[in-house]
Amino acid sequence: MIKSTDSRLKPTDRSKAKPKKKPDDDEPKLIDRPQGTSAMFFQYNTQLGPPYHILVDTNFVNFSIKNKLDIIKTMMDCLYAKCIPYITDCVVAELEKLGQKYKLALRIIKDPRFERLTCMHRGTYADDCLVQRVTQHKCYIVATNDKDLKRRIRKIPGIPIMNVAVNRYVIERMPDAFEPMSKK
């Protein structure tokens, strides 16, 4: 390698070939970390509380029908409080794409007790929509039985997951203050 002080180099080449400085250990290193949400108080999500806002996924509705569970009544039995189920446009579109086989599920989520959330993004992939909505607003519980979606939501701190198990609903990662007495 030619040194930057070599006489064969032209002055314009010398400016390009500046020797690299080694970083000093005394200099503080900048680490880019995402801003934590103000909803989180240590491990406790302060925005969670009755009435609970529950984002419902496609397969959660299907599992509820298979297990013959009334969605709103069973949610209230699980959480011991008022629950408001929310359905995004992507979930409705996903159920419509599934066709006649899931006509009952589509009729259930069009119940006026289910709140409808409009989506402003392109595409109808419901999992991405739910993950995006939950990362923006930490006030939701996500109701799903999808393993991939659960894995993605577990990476987001402070978001509980509701799923269907043994003919009832189970909450995962809920604070101790709101856990049902049967678990303790």
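Labelled according to an unreviewed UniProt entry, the protein chain appears under the name rRNA-processing protein FCF1 homolog, originating from Anopheles christyi. Heading Subcellular location (unreviewed entry) of the UniProt record for the protein chain holds this comment: "Nucleus, Nucleolus". Quoted verbatim from the Sequence similarities (unreviewed entry) heading of the UniProt record, the comment on the protein chain is "Belongs to the UTP23/FCF1 family. FCF1 subfamily."

> I keep staring at the pattern of salt bridges and nothing clicks. Help me out?
Here the idea is simple: oppositely charged side chains can pair when their charged atoms come close. Per the counting criterion, the structure on display carries 7 salt bridges. With a closest N to O distance of 2.6 Å, arginine 154 and glutamate 172 form a salt bridge. Here arginine 154, found in helix α7 (residues 147-154), pairs with glutamate 172, found in strand β8 (residues 168-172); they are 18 residues apart in sequence, far enough to count as distant. Judged by relative accessible area, which is 41%, arginine 154 ranks as partly exposed. For glutamate 172, a relative accessible area of 22% corresponds to the partly exposed category.

> Just checking my understanding: could you explain the state of the cysteines for this structure?
Note on terminology: a disulfide is the covalent bond linking the sulfur atoms of two cysteines. Enumeration over the complete set of coordinates arrives at 0 disulfides. Summary of cysteine pairing: cysteine 90 is not part of a disulfide, and the nearest cysteine sulfur, belonging to cysteine 119, is at 3.7 Å. Overall, cysteine 90 belongs to the buried group, its relative accessible area being 3%. The cysteine cysteine 119 is free of any disulfide, with cysteine 129 supplying the nearest cysteine sulfur at 3.4 Å.

> Sorry, what's going on with helix α6 (residues 126-136) here?
Each α-helix winds once per 3.6 residues, and so residues spaced three or four apart point in a common direction. Within α6, burial applies to Ala126, Asp127, Cys129, Leu130, Val131, Arg133 and Val134. Buried residues belonging to α6 abut β3 (52-56), β4 (83-88), α4 (89-98), β5 (115-117), β6 (140-143) and α7.

> What exactly am I supposed to notice about the nonpolar core here?
One broad trend across soluble globular proteins is that nonpolar side chains are buried collectively. Among the nonpolar cores identified, the biggest contains 32 residues, and Ile54, Phe60, Met75, Leu79, Ile141, Met162 and Tyr169 are the most heavily contacted of them. Among the elements that line this core, the one with the most residues is helix α3 (residues 71-79), at 5 residues. Membership of the second largest hydrophobic core comes to 15 residues, among which are Leu130, Val134, Val142 and Ile156.

> Would you take a moment to explain the sheet that holds strand β7 (residues 161-165) for this structure?
As a general point, the strands of a sheet are linked pairwise by backbone hydrogen bonds and lie either parallel or antiparallel. Taken in spatial order, the 6 strands of this open sheet run β5-β4-β3-β6-β7-β8, and their pairing is mixed. Looking at the sheet topology across the chains shown, the edges are occupied by β5 and β8. Adjacent strand axes in the sheet meet at a mean angle of 35°, parallel and antiparallel pairs treated alike. Pairing between β3 and β4: 4 bridges, direction parallel. By the bridge assignment for β4, isoleucine 54 is matched with proline 85. Along the sheet face, helix α2 (residues 58-66) touches β3, β6, β7 and β8 and points at about 30° away from the line of β7.

Reading guide: rules and limits
Residues numbered from 1 in each chain as written. Predicted model: local features only at pLDDT ≥ 70, side-chain atom pairs only at ≥ 80, totals over all residues. Heavy atoms only, no water. UniProt positions renumbered as here; feature names shortened; annotations may be inferred. Salt bridge = Lys/Arg side-chain N within 4 Å of Asp/Glu carboxyl O. Helix = DSSP H or I, 4+ residues; strand = E, 2+ residues; numbered from the N terminus. Buried < 20%, exposed > 50% of the residue type's maximum accessible area, 1.4 Å probe, protein only. Disulfide = S-S within 2.5 Å. Contact = heavy atoms within 4.5 Å. Core = buried A, V, L, I, M, F, W, Y, C linked by side-chain atoms within 4.5 Å. Pairing = 2+ DSSP bridges. Axes fitted to C-alpha atoms, helices over the stretch in contact; angles between N-to-C directions.

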